[in-house]
Amino acid sequence: MKSQQPRKKASCFLVSSEGRDFFLLMPVIYYLETFENYDVSFEFVWDAHQMRKNPPDLVLFPNTRGNHFYYEIAKYCNESGILIYSHDSEGNFSTEIDYDYWAFNLAKKSLCPVNYTWNERVKKFLMDKYDLPNEEFVVTGAPGFDKYQYMPQREKVEVLKKYGLDHYKTVVGYAGWAFGKLENKEIGDVLSNIDQPGEAGMKWMAEQRDKVEKILKTLIEANPDILFVLKKHPRENFESDLRDSRNEMNRLKDYDNVFYLKDEEDIQDLIQISDLWMAFESSSIIEAWLLGKPTMMTTPDGNFKRATLYKGSINAKSPEEAMLGLEALKRNEIEYFNSPEVVAKRSEIISSSIGFADGFNHLRVVKSFMPLLENHKKAKQKPKLNWRYMRLYFLLHWGKPFFVKSIFQRLPKFKKVVWIFENHKLEGVKKNKPVVTKHLDKFYADRGLNTKIKSGEIWKEL
């Protein structure tokens, strides 16, 4: 299967080991390493200077618009003649508002030769708003959701036992929203994206935060025998911001039956161990559906631009309604959630949100990207020296011996770099890669994909 030719080199840049971006890229990386003779290394964003020392044939990013490092390094690759691949970490946004799609991408254009979108709705929105030609787009679905087809489910007791919580028989999970951004610089983007701008929007958002907190508090106090797993949104604070900004959950973390997490566990595993999955507004609701979990939206005021996820969930606008929903779950009487109309609506929402739920979204990506990879000619010259990347590289590697977290996080000028020294090894990614590779091996074997790829049959099927 693998060529005897010298293996080509690819670099994948990440800001952290957080699971969302890893799972978005990992199945594409698996294909490159298994079928296209690539070795792919994961690199921290402060290590961009290493590309000058050893230029890769290809560089991969989860996106080039959601983080300034991704955009800047991708731009550097373009200028250096290095081919890049990127997809979209958050590709199911509302298209009913004047959404700022490009965000940190100051060039306001795709740095990957093609724009990949999760669904046709987003593709049409981008074509209409930015007058982009149809041929620049490929709808592939969301590759990050393929994991629900190839990763096995973890047992509830396995996860809870690590934290001494395995005596709980029932678990209710909650995915945090962006309420903590009320206390940081990104609040303007949040308000714009939900069409609740200005001071009035901030007031509305604070009111919603307090109402959701009351819903959660009511459920927690009334059900001491149930474990409530509350998961902070991974992008609620910048990586350099060590605060746990007030949100709808963290004032409840001291209850005995509350387990409040930041990034200790992947959200996929938390959904798997939950008997009910809740959210104010979160694409993790779709993930719960893919795992067959009932969902409840705790949205007191739905008068904002939002996805249609609530149409496939139990909806609770008040503590009383949330209690009714939870009591129905405890009695195993959630007829509404399982009604044919709501099941059909969920299927429709999945299609219009993540495109496909068959585990083959990454192969749809490969189908469109491989001709670009085959036709690209590697630059003969090394990338030009970028003084900023060289400075970051040496600050990182010279600074490692002096890093002491307990000291750095107390010093104003140093606490902003704690995330760098804690994340630069990408230990979670390197630990998870062989595990995920093993499960992808089985997924491919069980579905006969190795033979279909070799014969070309899979591309006709897709």
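No experiment lies behind these values; they were computed from the predicted model shown.

### Details of the packing of helix α1 (residues 19-35) against helix α18 (residues 427-446)
Item 1. Interhelical geometry of α1 versus α18 gives an angle of 65° and a closest axis separation of 10 Å. For the pair α1 and α18, the sense of crossing is right-handed. Taking contact as the criterion, the partners of Phe22, Phe23, Met26, Pro27, Tyr30, Tyr31, Glu33 and Phe35 in α1 are, on α18, Val429, Asn432, Lys433, Val436, Thr437, Leu440, Asp441 and Tyr444.
Item 2. A per-class count over the contact of α1 with α18 returns 11 nonpolar, 2 polar and 3 charged.

### Re the pattern of salt bridges
Proximity of charged atoms lets side chains of opposite charge pair with each other.
Item 1. Counted under the stated rule, the structure contains 26 salt bridges.
Item 2. Lysine 162 is the salt-bridge partner of glutamate 265, the closest N and O atoms lying 2.5 Å from each other. Taken as a pair, glutamate 265 in the loop between β9 (258-261) and α9 (267-273) and lysine 162 in the loop between α6 (156-161) and β7 (170-175) lie far apart in primary sequence, 103 residues in all.
Item 3. Among the ionic pairs, arginine 364 bridges to aspartate 358, the shortest N-O distance being 2.7 Å.
Item 4. Assessed through its relative accessible area of 12%, arginine 364 is described here as buried.
Item 5. Each of Arg154, Glu158, Lys162, Glu265 and Asp269 takes part in salt bridges that share partners, so that together they form one network.

### Focus on the sheet that holds strand β12 (residues 314-315)
Item 1. The parallel open sheet is built from 6 strands, whose spatial order is β9-β8-β7-β10-β11-β12. Pairing within the sheet leaves two strands with one partner each, and these edge strands are β9 and β12.
Item 2. In this sheet, β9 lies alongside strand β8 (residues 226-231) in parallel orientation, the contact comprising 4 bridges. Its bridge partner lying in β9, phenylalanine 228 is registered against valine 258.

### Considerations on helix α3 (residues 68-79)
Item 1. With 12 residues, α3 extends 17 Å between its outermost C-alpha atoms, agreeing within 8% with the 16 Å of an ideal straight helix rising 1.5 Å per residue.
Item 2. Listed in full, the buried residues belonging to α3 are Phe69, Tyr70, Tyr71, Ile73, Ala74, Tyr76 and Cys77.
Item 3. Where α3 begins, the side chain of asparagine 67 points an oxygen toward the backbone nitrogen of phenylalanine 69, at a separation of 2.7 Å.
Item 4. One or two steps after α3, the chain reaches glycine 81, where phi turns positive at roughly 75°.

### With respect to the sheet that holds strand β2 (residues 38-44)
Item 1. Pairing in this open sheet of 4 strands is parallel, and the strands run β2-β1-β3-β4 from one edge to the other. Each end of this open sheet is capped by a strand with a single partner; those strands are β2 and β4 (83-86). Averaged over all pairs of adjacent strands, the angle between strand axes in this sheet comes to 25°, irrespective of strand direction.
Item 2. Across 3 bridges, strand β1 (residues 8-14) lies against strand β3 (residues 58-61) in parallel orientation. Across the sheet, residue cysteine 12 finds its bridge partner in β3, namely leucine 60.
Item 3. Along the sheet, α3 makes contact with β1, β3 and β4, crossing β3 at roughly 160°.
Item 4. Where helix α14 (residues 361-375) meets the sheet, it contacts β2, β3 and β4, and its direction lies at approximately 170° from that of β4.

About the cut-offs
- Residues numbered from 1 in each chain as written.
- Predicted model: local features only at pLDDT ≥ 70, side-chain atom pairs only at ≥ 80, totals over all residues.
- Heavy atoms only, no water.
- Axes fitted to C-alpha atoms, helices over the stretch in contact; angles between N-to-C directions.
- Helix = DSSP H or I, 4+ residues; strand = E, 2+ residues; numbered from the N terminus.
- Left-handed = near helix turned anticlockwise from the far one by under 90°.
- Contact = heavy atoms within 4.5 Å.
- Nonpolar A, V, L, I, M, F, W, Y, C, P; charged D, E, K, R; others polar.
- Salt bridge = Lys/Arg side-chain N within 4 Å of Asp/Glu carboxyl O.
- Buried < 20%, exposed > 50% of the residue type's maximum accessible area, 1.4 Å probe, protein only.
- Pairing = 2+ DSSP bridges.
- Expected span 1.5 Å × (residues − 1).
- Polar contact = N/O pair within 3.5 Å; in protein donor to acceptor, adjacent residues only side chain to side chain.

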